[in-house]
Amino acid sequence: MSKLTTSLEFMMANLNVSSQEELFDAICRMAEETGFVLPGFCRELTAREKEFPTGLQTPIPIAIPHVGTSCVKSFFSLATLKQPILFNNMADPEESLPVRIVFLFGIVDPSEQVNILRKLSEIFQKKETLEAISKAKSNIELMEIMNHELKGYIA
Amino acid sequence: MLRLVVACGGGIFTTTVVTDRIKEILRKERIQHSVTPHKITEIAGIMDADLIIVTGKTSATNRMGIPIMLGMALFTGVGESEFIEEFLKKVKEIEGSK
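These figures come from a predicted structure and were not determined experimentally.

The rules behind these values
Residues numbered from 1 in each chain as written. Chains lettered and ligands numbered in written order. Predicted model: local features only at pLDDT ≥ 70, side-chain atom pairs only at ≥ 80, totals over all residues. Helix = DSSP H or I, 4+ residues; strand = E, 2+ residues; numbered from the N terminus. Rg over C-alpha atoms; globule rule 2.2 N^0.38 Å. Contact = placed C-beta atoms within 7 Å. Nonpolar A, V, L, I, M, F, W, Y, C, P; charged D, E, K, R; others polar. Axes fitted to C-alpha atoms, helices over the stretch in contact; angles between N-to-C directions. Parallel < 35°, antiparallel > 145°, perpendicular 65-115°, else oblique.

Participant: For this particular structure, what's the right way to read the overall build of chain A?
Facilitator: When helices and strands are counted, chain A shows five helices and six strands. For chain A, the sequential pattern of α-helices and β-strands runs β-α-α-β-β-β-β-β-α-α-α. By the compact-globule yardstick of 15 Å for 155 residues, chain A fits well, its C-alpha radius of gyration being 14 Å. Structurally, chain A occupies a C-alpha span of about 35 × 30 × 25 Å along its principal axes. When contacts within chain A are restricted to residue pairs at least 6 apart in sequence, those whose partners lie at least 24 apart make up 73%.

Written out as structure tokens, the structure is:
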């Protein structure tokens, strides 16, 4: 089982974006510059989101956009948004959710990441953790929360 | 042996977690099973499965009438125990009729 990579560069607190496009752009650019994904990644992410939305009706609504194609090395990014952006609900694509916490993933081989994916789905259900994330004032604070919650799972 | 299909949109996150949890549940109940991943778009044509679990709401139906259940609860935790109860009920029904 391999670890999932993330780093301070992938933590984006209080991102000031006003659309899904802007949001994806900000994170994908970072992922491309650091060699985690190939140029097609953003397009594929957007297409997947349109077809199979990733908004989740968790205690505080979140979105988990992710694709595996055009991804060179598995990673995840956590962004909190200054203003909510609408994501459609995975469980009911007709419903839109105002989301301010976004976990974006590029996953090369999900079978290698089962443990951390399960750990993450547990975190998504914990109201206190989601609250702490939404209140984080800096990228470092986000990183600290992730390090604490995912100790041993991330590289 | 119980033949399950887990179908999802993107094929990574939710499928992985839901498949893992389903295997765990069935292992605990000592029910022999196989789980095959598919895309939601492939649901209509699936032929050799007893039950299909989808991880995203869909209006897709299976041509052969294989029952479809929404397994989001295993991922979000919301309504999880109800899902597991219904799931096991259905599974035992299927196994009983074989």
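Having seen the model, we can carry on.
Participant: Would you mind going over the interface of chain A and chain B with me for this structure?
Facilitator: The extent of an interface is frequently quoted as the accessible surface area lost upon association of the parts. Each side of the interface is counted separately: chain A has 23 residues, and chain B has 14 residues. Elements supplying a minimum of two residues to the side of chain A that touches chain B: α2 (41-51), β4 (66-67), β6 (92-106) and α3 (114-124) of chain A. Grouping the amino acids of the side of chain A that touches chain B by side-chain chemistry returns 13 nonpolar, six polar and four charged.

Participant: When you look at unusual backbone geometry in this model, what are you seeing that I'm missing?
Facilitator: Only a minority of non-glycine residues have a phi that is not negative, and only a minority of peptide bonds are not trans. Positive phi is not limited to glycine here, since A:N14 has a value of about 55°. Residue placement: A:N14 occurs in strand β1 (residues 11-15). One non-glycine residue with positive phi stands out, namely B:R30, at about 60°. Mapped onto the elements of the fold, B:R30 is located in the loop between α1 (13-28) and β2 (33-39).

Participant: What should I look at first to understand the packing of α3(A) against α1(B) in this one?
Facilitator: In a packed pair of helices, the relevant descriptors are the angle between the two axes and the axis-to-axis distance. Contact pair α3(A) / α1(B): the axes reach a minimum separation of 9 Å and the direction vectors enclose 95°. In terms of orientation, α3(A) and α1(B) fall into the roughly perpendicular class. Contact residues: A:V114, A:L117, A:R118 and A:S121 in α3(A); B:F13, B:T16, B:V17 and B:D20 in α1(B). Among the residues forming the contact of α3(A) with α1(B), the class breakdown is four nonpolar, two polar and two charged.

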